[in-house]
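# Residue-level structural notes
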Amino acid sequence: MSLIVAKDLSKTYSVGEIEVEAVKSVSFAIEPASFVSFIGPSGSGKSTLLNLIGCLDKPTSGTLTVADVVTAGLTRKEAAIFRGDNLGFIFQDFNLIPVLTVYENVEYPLLMVKNAPAEERKKRIIPLLETVGVIDQKDKYPSQISGGHKQRVAIARALVTNPRLVLADEPTANLDSKTAFKVIDIMRKMKDELGITFIFSTHDQAIVGEVETIFSLHDGVLVGITSGKGRDDV
Amino acid sequence: MSKLIKIAVRNLFRYKRRTLLTSSLIAIGVMFVLVFVAVAGSFKYMMVGQITDSMLGHLQVHKRGYVASIDSLPLTLNLTADEAATLESALGQIPEIEAFSSRLKFGGMFSNFIETTNIRINGVYGEEEIATLPLFPSRVVEGEATIRKGEILIPELLANGLKVTVGSNVVVIATNRDGSVNGRQFVVGGILASVTGPGGRDGYLHIEDAMEILRLDEMEISEVAIRLSDFGRLHDVNARLKQLLSPELDMQGKPVFDVRTWEGLSPFYNIARMIDMMTFFIRLMLIAIVLVSIMNVMIMAVFERIREIGTIAAIGTLPGTIRSLFLIEGFALGVLGAVVGNVLAWVVVAILSISNVSFNFGRETGLVLAPRLQVEDMLLISVIVIIVSVVAALQPAIKASRMEPVEALRHV
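Nothing here was measured: the structure is a model prediction, and the numbers come from that model.

## A look at the pattern of salt bridges
Residue and element names in this part refer to chain B.
- Tallied over the full model, the rule gives 33 salt bridges over all chains.
- As a salt-bridge pair, Asp-250 and Arg-64 come within 2.7 Å of each other at their nearest N and O atoms. Of this pair, Asp-250 sits in the loop between helix H8 (234-245) and strand E10 (257-261) while Arg-64 sits in the loop between strand E1 (59-63) and helix H3 (81-92), placing them 186 residues apart in sequence.
- One network of salt bridges, in which partners are shared, links Arg-14, Arg-305, Glu-308 and Glu-329.

Rendered as structure tokens:
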């Protein structure tokens, strides 16, 4: 059964008196444990699609089912709970909380969203920090670590709650190519080990070359679905 | 909750200068209010003490109708011996009453044989009067603070005007209740420091001498001044005494006795109320300062952290938790300001106390200000500041919790 099913999904924004159709009647399905990417030029609607899947925004028309939940009907609070239970987010600018240390940033979703006990939090966080390679940075604040390390922390934060789906919006845009590859490699490994679905929005060829499925968007229209190099059967 | 507090406090210290400025503003506001309350309270209680302990007593009982015409000191509205006995019995039932003094008051003429002027006479038992008014002896500027038969204590105003000194022979003349006039010669036993108001022309003599001048066959009492062991119980004792005396009715079925606290007898009560009113408005100003400064800081905090709010909302933080985060920041700022303000106020009041700042009130000179911080004032001001801080943070906090994550994340 598909993890994500979109049928005739559209999203229109009002900018003043002008209506902008960011996503136009898009239909697709994404299976569990996938490593996929939405690609396209700026304004093609890839970030909008990611926001819709991430329950950060609501579609204007069409239906979107994520993890068996029709997301359009969720209230603000229900959407927050759904995101906390099922989704992880990785942002282009890392979006770490500056007043929290690396450890505390990763701890945040477990503590503030899941309300997990201290012992369980520690059991989840330490191995994750080791996996993403920032265990030696755990007591530092975001301002004291490099961009690559920040993104690794952001990955650990996104994965710490065992989400079914991680949405990564341009995750390598602010990283050099060497670090970008390392970050992609970590995510790939997580996908393989934990069966987590990763969905990227990117035009970074490093990612495009690694994903299994590529959804190409142009002017809000899904113009193609292709298999990437990352696909095992390719 | 502890994690929320930790994040909130760290957020405050993220903008150290702003937090420092805001909390300093609140702290200075708290300090000024507390110092004002302490100084004004000291002035007020000192003045109340002067008035009650040297003239009025804490409570007074008269015959109903007497106070309305107290300026003319009517002889027709005195308590009879039976009524005075009833009153004395009621007073005996209230353990909080430390002492009381029965007074027979009348207006008369005062002469040094050359010149004559009017005088208000208080016929009292000296021991009772001094027990009820412990500051009474301090008003005696010349002579002795005792009221012996055949002697009179006169106010400085009259002594100076008529050039009378201690030991001088004087005459007091008064109209009796039946309209006849009687006079008696006295020796000036002491001179009293004058006070502001009608009491400035009050002379004191022994109550039995007063009865003699007025040709009274049996004791009559114009007023009874009462002193309590605990001034804080004033209104309780007032109510209890009224209740005890309420069965005593006159021929028309109206109460015989009129019980009043000092507040109903002294014009200074209005000054005391003005001090309370000023304190109230100073507190209002503090509330306004705290409200505006915290609101300003929290609005800025929300505006500067829109993307961060979007991030924590995207991660799954509930709107209520985001709201709490900002409310706790406001709360923490309020607590910080209140604590520092209390400490500063304590220091300033301590300095004022050891500096022996003195002032004059009417003819009272060299009164030393003794400001004292009351724990209840410190708690009240702190609670007000903290509540106002949370209220001020409410609007920005609600705004943060209602932000659409997608829009917040897009914010540059």
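Don't stop here, the text continues.
## A short note on the sheet that holds strand E8 (residues 197-202) of chain A
Residue and element names in this part refer to chain A.
- Pairing is mixed in the open sheet, where 6 strands are placed in the order E6-E7-E8-E3-E9-E10. The two strands at the open ends of the sheet, each matched to only one other strand, are strand E6 (87-90) and strand E10 (221-227). Across the sheet, the mean angle from the axis of one strand to that of its neighbour is 20 degrees, orientation sign disregarded.
- Bridge count for strand E9 (residues 213-218) against E10 is 6 bridges, and the pairing is antiparallel. Counterpart to Leu-217 in the pairing with E10 is Leu-222.
- Along the sheet face, helix H2 (residues 76-86) touches E6 and strand E7 (165-169) and points at about 85 degrees away from the line of E6.

## Thoughts on the confidence of the model for chain A
- Per-residue confidence for chain A gives a mean pLDDT of 88, with 97% of residues at or over 70.
- For chain A, per-element mean pLDDT is lowest for helix H7 (residues 205-208) of chain A, which scores 76, and highest for strand E4 (residues 61-66) of chain A, which scores 93.

## Some points on the sheet that holds strand E5 (residues 69-70) of chain A
Residues and elements named next belong to chain A.
- Ordered in space as E2-E1-E4-E5, the 4 strands form an open sheet in which the pairing is antiparallel. Where the open sheet ends on each side, the last strands, each with one partner, are strand E2 (18-30) and E5.
- In this sheet, E5 lies alongside E4 in antiparallel orientation, the contact comprising 2 bridges. Looking at E5, one finds that Thr-65 is bridged to Val-70.

## A short note on the nonpolar core
All names here are of chain B.
- One finds Phe-106, Phe-110, Ile-152, Ile-154, Ile-226 and Leu-241 to be the most contacted residues of the largest nonpolar core, which totals 56 residues.
- Per-element tally for this core: the top contributor is helix H2 (residues 16-56), with 5 residues.
- If we ignore the near neighbours within four places in the chain, the residues touching Ile-154 are Phe-110, Ile-119, Ala-159, Val-164, Val-188, Gly-190, Ile-191, Leu-192 and Gly-203.
- Counting 50 residues, the second largest nonpolar core, distinct from the first, contains Ala-38, Ile-294, Val-297 and Ala-400.

## Here we look at the interface of chain B and chain A
- Listed as interface residues are 27 residues of chain B and, on the opposing side, 28 residues of chain A.
- The junction of chain B with chain A conceals about 2,300 Å² of combined surface from both sides, 63% of it contributed by carbon and sulfur atoms.
- If you sort the residues of chain B by the area they bury against chain A, Lys-3, Arg-10 and Ile-315 of chain B come out on top, with a joint share of 26%.
- Remark: the boundary between chain B and chain A carries 4 salt bridges.
- The shortest N-O distance in the salt bridge between Arg-76 of chain A and Glu-404 of chain B comes to 3.8 Å.
- Scanning the region where chain B abuts chain A turns up 12 residue pairs in polar contact (both at pLDDT 80 or more).
- Mapped onto the side of chain B that touches chain A, the elements with two or more residues apiece are helix H1 (2-14), helix H10 (306-315), helix H11 (319-355) and helix H13 (405-410) of chain B.
- For the side of chain B that touches chain A, the per-class residue count stands at 12 nonpolar, 6 polar and 9 charged.

## Remarks on the packing of aromatic side chains
- The full count for this structure, using the stated rule, is 9 aromatic pairs over all chains.
- Look at Phe-28 of chain A and Phe-215 of chain A: their rings are 5.4 Å apart centre to centre, the planes differ by 55 degrees, and that puts the pair in the tilted class. Of this pair, Phe-28 of chain A sits in strand E2 while Phe-215 of chain A sits in strand E9; the two residues are 187 residues apart in sequence, bridging distant segments of the chain. For the pair shown, Phe-28 of chain A and Phe-215 of chain A are each scored as buried.
- Ring plane angle 85 degrees and centroid distance 5.1 Å describe the contact between Phe-35 of chain A and Phe-200 of chain A, whose orientation is recorded as edge-to-face. Taken together, the positions of Phe-35 of chain A in strand E3 (residues 35-39) and Phe-200 of chain A in strand E8 put the pair 165 residues apart, joining distant regions of the chain.
- Given a relative accessible area of 0%, Phe-200 of chain A falls into the buried group.
- Chaining the aromatic ring pairs together yields one cluster made of Phe-28, Phe-38 and Phe-215 of chain A.
- Its guanidinium or amino end placed over the ring of Tyr-15 of chain B, Arg-18 of chain B lies 4.4 Å from that ring's centre, counting from NZ or CZ.

## Some remarks on the environment of Leu-111 of chain A
All names here are of chain A.
- Structurally, Leu-111 can be placed in helix H3 (residues 102-113).
- For Leu-111, a relative accessible area of 14% corresponds to the buried category.
- When the C-alpha positions of Leu-111 and Arg-121 are compared, they lie 7.6 Å apart, and in sequence the two are 10 residues distant.

Scoring rules and cut-offs
- Residues numbered from 1 in each chain as written.
- Chains lettered and ligands numbered in written order.
- Predicted model: local features only at pLDDT ≥ 70, side-chain atom pairs only at ≥ 80, totals over all residues.
- Heavy atoms only, no water.
- Salt bridge = Lys/Arg side-chain N within 4 Å of Asp/Glu carboxyl O.
- Helix = DSSP H or I, 4+ residues; strand = E, 2+ residues; numbered from the N terminus.
- Pairing = 2+ DSSP bridges.
- Axes fitted to C-alpha atoms, helices over the stretch in contact; angles between N-to-C directions.
- Contact = heavy atoms within 4.5 Å.
- pLDDT = per-residue confidence, 0-100.
- Core = buried A, V, L, I, M, F, W, Y, C linked by side-chain atoms within 4.5 Å.
- Buried < 20%, exposed > 50% of the residue type's maximum accessible area, 1.4 Å probe, protein only.
- Buried area = accessible area lost by both parts, 1.4 Å probe.
- Polar contact = N/O pair within 3.5 Å; in protein donor to acceptor, adjacent residues only side chain to side chain.
- Nonpolar A, V, L, I, M, F, W, Y, C, P; charged D, E, K, R; others polar.
- Phe/Tyr/Trp six-rings, centres within 6.5 Å; stacked < 30°, edge-to-face > 60°.
- Lys NZ or Arg CZ within 6 Å of the ring centre and 35° of its normal.

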